[in-house]
Amino acid sequence: MAGSNKTVKTGAAPAGFREAALFTLVTILFGCGIEILTSGGGIDVPGWPFNLIFLLLFGGSIVAVALLFRERPMVSWLGGIPLGLSLIIGIALLSLVGGVLPQEEYPAGSIMTVLRLNGMFSSWPFALVTLIFLINLGLSLVWKTIPFRAANLQFMLFHGGFWLALSCGLLGNSQLERLVVPIYEGKASNVAYDNKTEKVIHLPFAIFLKDFQIDEYVAQFALYDPQHDVVIEPKSKLMPELHKGVKAEWEGIGSVTVLDYLPDALPDAKGMPVPVGDKKGVRFAKVRIDENGKISETWISSGSEALQIKPLFVPMGGYYIVMADGPPKAFRSNVMLIGDGGERKVARLEVNKPVDMQGWMLYQMGYDEKAGRYSTMSLVEAVRDPWLPAVYLGFFMIMAGNVLYFWKGVKKMEEA
Amino acid sequence: MTLVDFPAIAFAAVSCWVAGSLLQIPARSNKALGTLSWVFMIAGTGVLTWFLTSYWIALERPPLRTLGETRLWYATLIPVVGFIVEYRYKIVWLKYYCMGLAAMFLGINYMHPDVFEKALMPALQSPWFVPHVVVYLVAYVMLAASCVAGWHNVILGFRNKRSSKSESMSHYLALLGFVLLTFGLIFGALWAKEAWGHYWTWDPKETWAFISWLAYLGYLHLVARKTDSRKLQWYLGLSFFVLLVCWFGVNYLPSAQNSVHTYSG
C-alpha cells in the first residue's frame, strides 16, 4: 500500500527487483545454513527484559538510519518497494511451506527437522526474512512520517500498525504463558501445567470448582448401514431429533416413530428403563418400527461408556436403528477464584467468555471427554501475555488505516 | 425451508439467470424485454436470498459454518456484484461471469449435499461469528469478481482490445477485497483470543489466510510501483487460486490434520 509520491528526497535506488529477490533468497539460504549447523534448533526469542531492550535498540536504529542516511542509495534500496515486495514473497513462500507440511514432531535427523520445516515459524530463515522485512517496513514508515503530512496518515497507520503487531507479537512470544489447570468438582487447585516445557507452575490464586455443566443438543436417531459404514439419509434429509411423536421414513425400507423419550434413565433387572435424576442415567427412547407393514415396538438407547451401559440398537432390514447423543452445545464451570491474599471472586468460565484474574485470563478449555456429560473434571487454560496491548494497538492501527484506504478507494472508484 | 427444497431452489435460480441472460439478446432493441431480463436475473438472486433466510430460521443458527453453506452465500452475493458494477459503471459482461460462477457453486452443492445439522460447536457461538465470516464472504466475492475481470482483461489483451475502464474495475474490486480481507483476518485474530486463548497460532487455516493476504498485499505494492497493467491482470487472475486453497483446499493438505478449523469441512 505504499504511495507512489515520495515525500522526502531519497537516494537513487541502486538496484531493482532482481537484486532484491537474490538478497531475499540468500537470506533464506543463510537461515537454512544456520538450521543445518544447529540440527534444526530454531531461534529462541530473548526473554524479558532483553526482548524489550532488543526492540528499543532495533526500532531506534531504524529511525536513526532512516533519518541520518536517507540519501544513501543502499539505505534507500533497503527501505524501498522492490525489497519489500521480495520479502513479502519470501515470507509468503516460507509460510506456504509451513502451511502445507504438518508442523509437528518428526524423528531427529530427518530432512524435516534438520531444516526445521516442521517448525517453520520459529526457524532461522523465517526469523531473518521477517527481521529484514521489519527494517524495510520501518525505514519506509519513518520516511513517510517525518516530516508529518496528513495525506500520509493512512500509510502511517497501516504500516505502523503492521510493524507494531508483527514485532511485538514475535518478541512477546517468549513471555506468553499458556498453562492448563485441571480442576475437580468440590476441590480447589492452583497447580498448572505448561505443555511446552512440561513444567508444573503454581498460580498466585486457586480455582475452586463448584459445578461443571454441559448442555447438549437434542439426541438424534439414524439408520446405520453396517456393510458400508454409513448413515442412510431419511426421506426428509434431516437427521431426526428424538422427541415424542417424531416420525422418520426411509424409502423402501420402513419408518420409525418415537413413542416415548426418557433423557435420563437406567435399565432395571429386566433391562427396562427407569427414569432417574439429571446426569445420572442415559437416554432411552421407545420406538415403533414399521418395516413395510411388519410392526414392532422396542427401546433404543445411546448407552454410556462412563456408566458402563451398553447402547441398544435394533435391526430394520439389513440396517440398524441407532441413537446418538447430541454434540455439546455449551459447557461451563462455576468457580470461586481465591487469591493468595485471600480475595475471592465468583466466576463462570465458558467457551468464548474468558475471565480475568490478577492479569491472567482464564478460559474454559475442556473436560473429561470420555465421561462426556458426566464429567466432574474441568480443564481451564490460564493465559498471560504482557505484550498483548501493543499487538492490539497494532491491529487497531491497521484497521483505522484500512478504513481510510477503503474510503479513498471508494472515492477513486467513483471518479473512475 | 430445508435442504430438501434445495434442488428446486437451485434449479429456479439458475433458470432465472439463464432466462434473464438470453433475454439480453433481444433486449438490445426492445426496452420492455430489457426490463424483463433484469426482473429474471434479480429474481434468481431473490429466490436464493429467500432460501438463505428461511434456511437460517430452520437451522436456528447462521448458515455460515460448513463449506456448503458458505457456497450458498457466494452464489447469492456474486451476481449482486455483477449487477452493481453494470448499474454503476455500465460494464455489462461481468454479470455473466458472476452468474456462471454462482451456478457452478450451486452445482457443487447439488452434487455434494450438506447434512442438515443444527449443531454449532461452543467455540463458534460468539458475537464474532457473523462479522468474521460475512466480512470474509464479501471479500471473497469481491476478489472472485476481480479474478474473473482479470481473466477477461487478459483475453481482451490477446485480442488487442484492452479497456482501461475494465482494467481499473478489476483493480478497485481487488482493493476493496483486500480491505475486507484485512478486517476478516483481524476479526478472526480477536475472536481466536476470546475462544482459544491466543490471537495467532499458525493453524493451517490461519497460515493460508495470511498467505492470501500477502498475495494481495504484494499486488498493491506492484500497483504502487506502476507495474504494467497487463501483467497485473494475470496476477489478479491467479491470486484467487491462493484464496481457493484457503477456502477449501486447505482441508486436503497434509497440515490439515492439526487444524482447529475442521468444523468447516
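In this text the structure is predicted, and so the values were computed from the model without any measurement.

Digging into the overall build of chain A
Now for step 1: For chain A, the count of helices and strands is 8 helices and 17 strands.
Now for step 2: Scaling as 2.2 N^0.38, a compact globule of 416 residues should have a C-alpha radius of gyration of about 22 Å, whereas chain A reaches 30 Å, well beyond that.
Now for step 3: Taken along its principal axes, the extent of the C-alpha atoms in chain A is 90 × 60 × 50 Å.
Now for step 4: For chain A, with 416 residues in total, the buried portion stands at 46%.
Now for step 5: In chain A, 61% of the contacts between residues at least 6 apart in sequence involve partners at least 24 apart.
Now for step 6: Accessible area for chain A stands at about 20,700 Å²; split by element, carbon and sulfur atoms hold 62% of it.
Now for step 7: Distance from the positive charge centre (37 side chains) to the negative charge centre (38 side chains) of chain A: 7 Å.

Regarding the packing of aromatic side chains
Now for step 1: Under the criterion given, the structure shown has 40 aromatic pairs over all chains.
Now for step 2: Members of the aromatic cluster, connected to one another through ring pairs, are Phe121, Phe126, Phe133, Phe158 and Phe162 of chain A together with Phe178, Trp200, Trp202, Phe210 and Trp213 of chain B.
Now for step 3: Over the face of the ring belonging to Phe155 of chain A we find Lys144 of chain A, whose NZ or CZ atom lies 5.1 Å from the ring centre.
Now for step 4: A cation sits over an aromatic face here: Lys90 of chain B above Tyr87 of chain B, 5.8 Å from the ring centre.

Some remarks on the side chain of Ser301 of chain A
Residues and elements named next belong to chain A.
Now for step 1: Mapped onto the secondary structure, Ser301 falls in strand E10 (residues 294-301).
Now for step 2: Given the relative accessible area of 1%, Ser301 is considered buried.
Now for step 3: Here the side chain of Ser301 touches Arg283 through a polar contact of 2.9 Å, landing on its backbone oxygen.

Cut-offs and rules
Residues numbered from 1 in each chain as written. Chains lettered and ligands numbered in written order. Predicted model: local features only at pLDDT ≥ 70, side-chain atom pairs only at ≥ 80, totals over all residues. Heavy atoms only, no water. Helix = DSSP H or I, 4+ residues; strand = E, 2+ residues; numbered from the N terminus. Rg over C-alpha atoms; globule rule 2.2 N^0.38 Å. Buried < 20%, exposed > 50% of the residue type's maximum accessible area, 1.4 Å probe, protein only. Contact = heavy atoms within 4.5 Å. Areas by Shrake-Rupley, 256 points an atom, 1.4 Å probe, with all protein chains shown as cover. Lys, Arg positive; Asp, Glu negative; His and termini not counted. Charge placed at Lys NZ, Arg CZ, Asp CG, Glu CD. Phe/Tyr/Trp six-rings, centres within 6.5 Å; stacked < 30°, edge-to-face > 60°. Lys NZ or Arg CZ within 6 Å of the ring centre and 35° of its normal. Polar contact = N/O pair within 3.5 Å; in protein donor to acceptor, adjacent residues only side chain to side chain.

Limitation: the analysis is restricted to geometry and does not speak to function.
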